[in-house]
Amino acid sequence: MVDTWHLVFDHYDPASEKLREALCTVGNGYFACRGAAPEVSANQTHYPGTYIAGLFNRLTDVIAGTTISNESLVNITNWLPLNFRAGESGRWFDIDRTDVLEYRQDLDMQRAVLERIVKVRDESGRITKLIQRRFVSMDSPHVAALQVTIRPENWSGSLEVRSALDGGIRNDLVERYRDLSSVHLSSVETTFLTHDSVLIEAQTSESRIRIAVASRTQVRHDHNAESAEYRPFRTSAEIGHIISVPVTAGQEVTFDKVVTVFTGRDNACGSPSVAAARWLPRQGSFRALLGKHTTAWKRLWEQFGIDVDGDERTQRVIRLHLLHVLQTLSPHVADLDVGVPARGLHGEAYRGHIFWDDLFVFPVLNLRLPALTAALSRYRYRRLPEARHAAFVAGYQGAMFPWQSGSDGREESQTLHLNPRSGRWNVDASQRAHHVGLAIAYNVWQYYQATADHEFLADYGAEILVEIARFWASRTEFDTTRQRFVIRGVIGPDEFHSGYPEAPYDGIDNNAYTNVLTAWTLRKAGESLSLISAQSRAELFAALHIDEGEIARWDHISRRIFVPFHDGVICQFERYETLRELDWGQYRSRHGDIQRLDRILEAEGEDVNSYQASKQADVLMLFYLFSSSELLEVFSHLGYQVTPDIIPRTIEYYLPRTSHGSTLSAAVHAWVLARSRRSHTKDFYSDLLDADLTDIQGGTTSEGIHLAAMAGSVDILQRCFSGLELRDDRIILNPCYPESLGTVQFGLRYRGSRLTVRAKGTTVEVCSAPGPGLPVRIDCNGATADLPPGSCEVFAL
Ligand code: BGC
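Keep in mind that this is a model prediction, so the values were computed, not measured.

(A) Examining helix α16 (residues 628–637) more closely. Among all positions of α16, only Glu630, Leu631, Val634, Phe635 and His637 are buried. In a view along the axis of α16, the buried residues occupy a sector of 160°, so they form one face of it. Its buried side turned inward, α16 meets α10 (512–531), α12 (548–559), β23 (565–566), β24 (569–570), α15 (621–625) and β25 (725–727). Immediately downstream of α16, the backbone of Gly639 shows phi near 85°, a positive value.

(B) Up close: the UniProt feature "binding site: substrate" (unreviewed entry) in the protein chain. When the UniProt feature table is mapped onto this chain numbering, "binding site: substrate" (unreviewed entry) sits at Trp356, Asp357, Lys615 and Gln616. Inspection of the secondary structure puts Trp356 in the loop between α4 (312–328) and α5 (358–366). Ignoring any residue separated from it by four or fewer positions in sequence, one finds Trp356 in contact with Trp403, His435, Val436, Ala439, Pro493, Tyr513, Gln616, Met621 and Leu664. With respect to the helices and strands, the residue Lys615 is situated in the loop between α14 (597–603) and α15.

(C) Region of the structure containing the pairing of strand β5 (residues 66–75). Among the 10 residues that make up β5, seven are buried, leaving the element largely enclosed by the rest of the structure. Strand direction decides the pairing type here: strand β4 (residues 50–63) and β5, joined by nine bridges, are antiparallel. Within β5, the residue paired with Arg58 across the bridge is Glu71.

(D) Region of interest: the sheet that holds strand β27 (residues 744–750). If you walk across this open sheet you meet the five strands as β18-β27-β28-β29-β32, and the pairing is antiparallel. Of all the strands in the sheet, just β18 (306–308) and β32 (792–796) have a single pairing partner and so form its edges. Here the average twist between neighbouring strands, direction ignored, is 20°. Summarising the sheet, β27 and strand β28 (residues 753–760) pair through seven bridges and their orientation is antiparallel. Across the sheet, residue Val744 finds its bridge partner in β28, namely Ala759.

The rules behind these values
Residues numbered from 1 in each chain as written. Predicted model: local features only at pLDDT ≥ 70, side-chain atom pairs only at ≥ 80, totals over all residues. Heavy atoms only, no water. Buried < 20%, exposed > 50% of the residue type's maximum accessible area, 1.4 Å probe, protein only. Helix = DSSP H or I, 4+ residues; strand = E, 2+ residues; numbered from the N terminus. Arc of directions from axis to C-beta. Contact = heavy atoms within 4.5 Å. UniProt positions renumbered as here; feature names shortened; annotations may be inferred. Pairing = 2+ DSSP bridges. Axes fitted to C-alpha atoms, helices over the stretch in contact; angles between N-to-C directions.

Below, the structure written as structure tokens:
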């Protein structure tokens, strides 16, 4: 039987250590720490990394004659260092240079505690057992703790332990970025606070954010606690203590290291170093802190847990995925100015940037912790002025949100990128992926559907929708031949197509996904203004200079946007069908893994833009975001008479032309095939479950988990298999769970009601918890029920 609450590695494997570090990250949304061993420094095998949400710094380089600046999520002072040796002359423990007799690493997902048990024998035959445990407190966002228990198995004498903070840190994880600057921490100042505690304060070099980390290391020794001797030491960037303890074979000594972390961006904090130093002595023992941390997680699992009783593998991976989603986006984040980082707080890939991935993450949060999605949308709201400026500079109206976003919301996409296969730096046109704004609009609307939060809509949501609608209205041009509006020069969700073969970086025209979402957004912007109070509407009209004419124009455009079709399918973009067909079989047999076909082709002097080859779901995104009935309505509003059979035809067309070079692709494909091609869904869902666990992209997970794919796998259980839609002030269900999952049960929050959904196959029971509140209207297969608090209803297809 699989223990579905534990991720266990039962032997040491240097080759997969960095992957395990990412998978064993522990965090609380405010900060997170990779599962690197406490005794290691960054090298080929290990990479300790601790990241604070939203803490960025910018560095500049000259590459191929071009000046480029990159803003990165900063790897802060390493708080983990804690190592041992036997006697003053012994060698410090180094797992890569010792006989490992026993090894077990265990991520306890229920409590978010990482444990590592190692038994080693040194060159003199001394055998020592180590038990290391750590957590980043979900109870107190500024606190983390590490406990190391050491037992000399067959030797006695003096045990030396070196416990330190290390401020000599770089952002060095991602090999592709190694030619670029990586030192973000400057003015590292070290301070001894008390006989057992130290502090490092550093400042980021450009954003000048001060970061303070304080640590206290206490010894627990059943026999002789007071005999521990602390010798302070400091180097240019490190500070700590060497602690000597007399030990006897078979007796354990435990070291408890507790840390506090504060920055100049924090709420309720005057000075980070003062806060770290003041809060450190207020922390209780490791045990007491662990107790509170465990209670906080218990509460979270009550809200977020999904029980799958028929499939242990799915159950375990879903827990792992939820754990990492919550360690990145916990309730503590509701208080912060941060977005959804594509790779979690688990590594340095994509430099911690925020893309459109919230589109895949919001549905999980909307239905459980809507206050958090509201806060994440305010991250976008605060960056509206920057997005308005970007639109203005580009010659458009409204707000043009950046494809990659960091601290201040300017475009952070790189302009050059390295193809590791060819060693060449190539132009990167990804800032043309303006569709990110459409995802933001979709998210605002979905949040409103889940919560009916009129205040949010009036204060933030409608303004975001209006400015995005304005941008897209100004982005359209009227094509007199077609008598329709067109949108030229964009990049759609499929990043392989940054242009046409003759102009590879100029974008493509009439990306179906972008055009359809534009039509939808223009309508929702108008609708949002009719949902808020007359006074809020009048205020917004005045503040944003909206008039009825503008709304009428959005409506007009929303009915007349061009969507390309070819051979009875929706065309990914205009002229896609004229591109060359790729010999997929030949490329697969030559290269095996062709997920990054763009890099393979570029290294061979070719250009993926020339081929009908997509990195990830693009047109198919439409079937992911809209149910077939909603999509047909959108098309009919556009004046296109399409019938439902266009959906399977379109899926069949793109399926063999997609390399799935993004983990998001598996999420979308599993979703869109769920009802028509069960066996395919199973394969894609299986890939999605494996995406990070087995690192299906061959090396990317070690640089950070794929947060959207993780959330996407959860969403397939909660919304796709249940057919759950939030539309027209009701919940629509259309259950169709694979029998192999057994019974699937989860909780939801919908417009103030707490619901429990229990589903098996095509039957679903929904219960509403007792309490105040209005009945929830639920539609299933033609049946409608108004479910009052304290009642249950069973629906079946
Ligand atoms: C995908 C994007 C995604 C980004 C960050 C890329 O590989 O193509 O769709 O937003 O990763 O996750």
